[in-house]
Amino acid sequence: MRTRLIKVDKWNPEEKLLEEAAKIVKGGGLVAFPTETVYGLGANALDENAVLSIFRAKNRPVDNPLIVHVSRMEDVHQLAHLNEMALKFMERFWPGPVTLVLPAKGVVPKVTTGGLETVAVRMPNHPVALGLIDKAQVPIAAPSANRSGRPSPTDAEAVMEDMKNRVDVILDSGPTDVGVESTVLYVRNKEVVLLRHGGCPLEVLEEVAPVLVPTKDNSSAKHSPGTRYRHYAPSVPVVIIDEVGRWKEHPAYLNNISNVGFVGLSAPPVETKEEIRFDSVVHYGRGLFAALRAMERWSVGVILVELPSESGIGAAVRDRLIRAASEWE
Ligand code: AMP
Ligand code: MG
């Protein structure tokens, strides 16, 4: 297959272009498209074969379920059993970077849910994503449009880097706004459990209801299969700068002292060959994945990264950095 790159106006998506892409989705094909978080790799969520081709294109483990995207609140009813708590979160945060895991209805194929009885749903806050889903007239399953394990793509060039000739079309509306993926919540009537930090900070979610944050021992990995896998990692080793100085002993650093890349907020602790510094944690979130990919292109030998503090979007940035730096899972 030859991938076509189609530029689409973010605020005023051209109807004709959306229709063309929607036709591909309806026909069982793959369309990469922008959301407010990262670029997604979309297919008809109700078509088993189409969904399987997402897993193949990404080389994604088949037990890692996909998020199903809708363009209207009422479209969730065909996919999942809602409870009052879910309705509250939808009302407050949709469209937006909040994914809800709910009991699935029978129409959702098991490939979409990774064999689980639950389905993850969200309404993205992006005119192109909403327009595409609307025109396709089916819910769209879409993980991030990167090869499995790599940093998520936050612009069409990054999608092309990973997915060239693996998807039919890439809709290009420029860089995404949030830059990290959605927050994932498991929503029961009386209890809401955080499965993944993401674009909507905990502090903001808790304005609606308390959110349980699993600790290492009662880990969310049991609930959310995707969090088990190594993820978000560029081909260059990522080393976290810790306060006790263990990073200085890391072989990846020691072997590349004259070829260091740095990504963070403060001044780097050592001389660097390349550095990307953000002036706020929101910008860190927005630019994190592009920064990791840039370091890869610039052929640094190691990427030293600074963890931001845990408040706001910082929790999601920390999570992605820690997993990008982990060697195995
Ligand atoms: P991605 O689409 O790659 O950003 O990943 C989607 C995330 O949502 C992964 O961490 C999945 O494990 C999680 N997820 C999707 N569906 C479910 C589900 N039914 N139950 C729990 N977690 C889910
Ligand atoms: Mg992903």
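A.B. asks: For the side chain of H69, give the residues involved together with the corresponding values.
C.D. replies: For H69, the position within the fold is in strand β4 (residues 67-69). The buried category is assigned to H69, whose relative accessible area is 3%. Side-chain polar atoms of H69 contact the backbone oxygen of I67, separated by 3.2 Å. When neighbours within four sequence positions are excluded, H69 is seen to be in contact with R122, P124, I133, P139, I140 and A142.

A.B. asks: Which residues make up the pairing of strand β6 (residues 118-122), and what values go with them?
C.D. replies: Counting buried positions along β6 yields 5 of 5 residues, so the element is predominantly enclosed. Residues T118, A120 and R122 line one face of β6 and the alternating positions V119 and V121 line the opposite face, and both faces are buried. Bridge count for β4 against β6 is 3 bridges, and the pairing is parallel. What sits directly across from H69, in β6, is R122.

A.B. asks: How would you sum up the nonpolar core? Please name residues and give values.
C.D. replies: Core analysis: the biggest nonpolar cluster contains 46 residues, and F89, W94, L100, V121, L185 and L205 have the highest contact counts within it. Membership of the second largest hydrophobic core comes to 24 residues, among which are I276, F289, V317 and A325.

A.B. asks: Before we move on, can you summarise the pattern of salt bridges with the specific residues and values?
C.D. replies: Under the counting rule described, the total for this entry stands at 21 salt bridges. With a closest N to O distance of 3.1 Å, E15 and K135 form a salt bridge. Of the two residues, E15 sits in helix α1 (residues 15-26) while K135 sits in helix α4 (residues 127-136), which places them 120 residues apart along the sequence. With a closest N to O distance of 3.3 Å, R150 and D162 form a salt bridge. Separated by 12 residues along the polypeptide, R150 in the loop between β7 (140-141) and α5 (156-163) and D162 in helix α5 bring together distant segments of the chain.

What counts as what
Residues numbered from 1 in each chain as written. Chains lettered and ligands numbered in written order. Predicted model: local features only at pLDDT ≥ 70, side-chain atom pairs only at ≥ 80, totals over all residues. Heavy atoms only, no water. Helix = DSSP H or I, 4+ residues; strand = E, 2+ residues; numbered from the N terminus. Buried < 20%, exposed > 50% of the residue type's maximum accessible area, 1.4 Å probe, protein only. Polar contact = N/O pair within 3.5 Å; in protein donor to acceptor, adjacent residues only side chain to side chain. Contact = heavy atoms within 4.5 Å. Pairing = 2+ DSSP bridges. Core = buried A, V, L, I, M, F, W, Y, C linked by side-chain atoms within 4.5 Å. Salt bridge = Lys/Arg side-chain N within 4 Å of Asp/Glu carboxyl O.

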